[in-house]
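A look at the structure
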Amino acid sequence: MHNYKELKVWQKSIDLTVNIYKISMHFPDSERFNLTSQSRRCSVSVSSNIAEGAGRNSKGEFAHFLGIASGSSYELKTQMIIAQRLGYLDEIILQNICSDINEIQKMIFSLQNKVKQG
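Report follows, based on the coordinates. (Residues numbered from 1 in each chain as written. Predicted model: local features only at pLDDT ≥ 70, side-chain atom pairs only at ≥ 80, totals over all residues. Heavy atoms only, no water.)

Here's the deal with the environment of Gly55
Our working definition: Counting from the N terminus, the helices are the DSSP runs of H or I reaching at least four residues and the strands are the DSSP runs of E reaching at least two.
Position of Gly55 relative to the elements: it lies in the loop between α2 (35-54) and α3 (59-85). Note: C-alpha distance between Gly55 and Tyr88 (33 residues apart in sequence) is 37 Å.

Considerations on the environment of Ser58
The topology assignment puts Ser58 in the loop between α2 and α3. Considering only alpha carbons, one finds Ser58 and Val115, 57 residues apart in sequence, at a separation of 9.5 Å.

Topic: helix α1 (residues 8-24)
Where we set the bar: Each helix should span, by expectation, one fewer than its residue count multiplied by 1.5 Å. Relative accessible area decides the class of each residue, using a 1.4 Å probe on protein chains only: under 20% of the type maximum gives buried, over 50% gives exposed, and in between gives partly exposed. Picture the helix axis, draw a direction to every C-beta atom, and the arc is the one those directions span.
Taking 1.5 Å of rise per residue, 17 residues should cover 24 Å, and α1 covers 24 Å from first to last C-alpha, within 8% of that figure. When α1 is considered as a whole, its buried residues turn out to be Val9, Trp10, Ser13, Leu16, Thr17, Ile20, Ile23 and Ser24. Taken around the axis of α1, the buried residues stretch over an arc of 140 degrees, which confines them to a single face. Pointing more than 90 degrees away from the buried face of α1 are the exposed residues Lys8, Asp15 and Lys22.

Quick word on the environment of Lys114
Looking at where Lys114 falls in the secondary structure, it is placed in helix α4 (residues 91-117). What makes Lys114 exposed here is its relative accessible area of 58%. In this structure the C-alpha to C-alpha distance between Lys114 and Pro28, which are 86 residues apart in sequence, comes to 42 Å.

Re the pattern of salt bridges
Stated precisely, the cut-off is as follows: Between Lys or Arg on one side and Asp or Glu on the other, a salt bridge is scored when a side-chain nitrogen of the former is within 4 Å of a carboxyl oxygen of the latter.
Tallying each qualifying case throughout the model produces three salt bridges. Between Lys12 and Glu103 there is a salt bridge, and its shortest N-O distance comes to 3.4 Å. Linking Lys12 in helix α1 with Glu103 in helix α4, this pair joins segments that are 91 residues apart in sequence. Overall, Lys12 belongs to the partly exposed group, its relative accessible area being 31%. Accessibility expressed as a relative area gives 33% for Glu103, which makes it partly exposed. We note a salt bridge from Glu61 to Arg56, for which the minimum N-O separation is 3.5 Å.

This is how it looks when you write it as structure tokens:
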């Protein structure tokens, strides 16, 4: 349906995932199967659901998967706030991550509206 690799929102979500992987490398080993794993899975979920939706057979399915990607982005933001409160991230890094996530959320919302309108 769509070439997901050409979608700016997909490209930005890939960059976000790489950033989350780099940041979470510094989380304590005790978080390896908890916050580290969960935040990485959420970040991967954003770009993966954009790609999966783009490959579906209908606009409705694409919009649905964009909704899942959006939900994963909110989950990721929550996890990053928790990581900051636990002292794993400093405030500046959290602000930068949240800014990137906010931009992706706006892009997803805009693309979702375009897809729904036809």
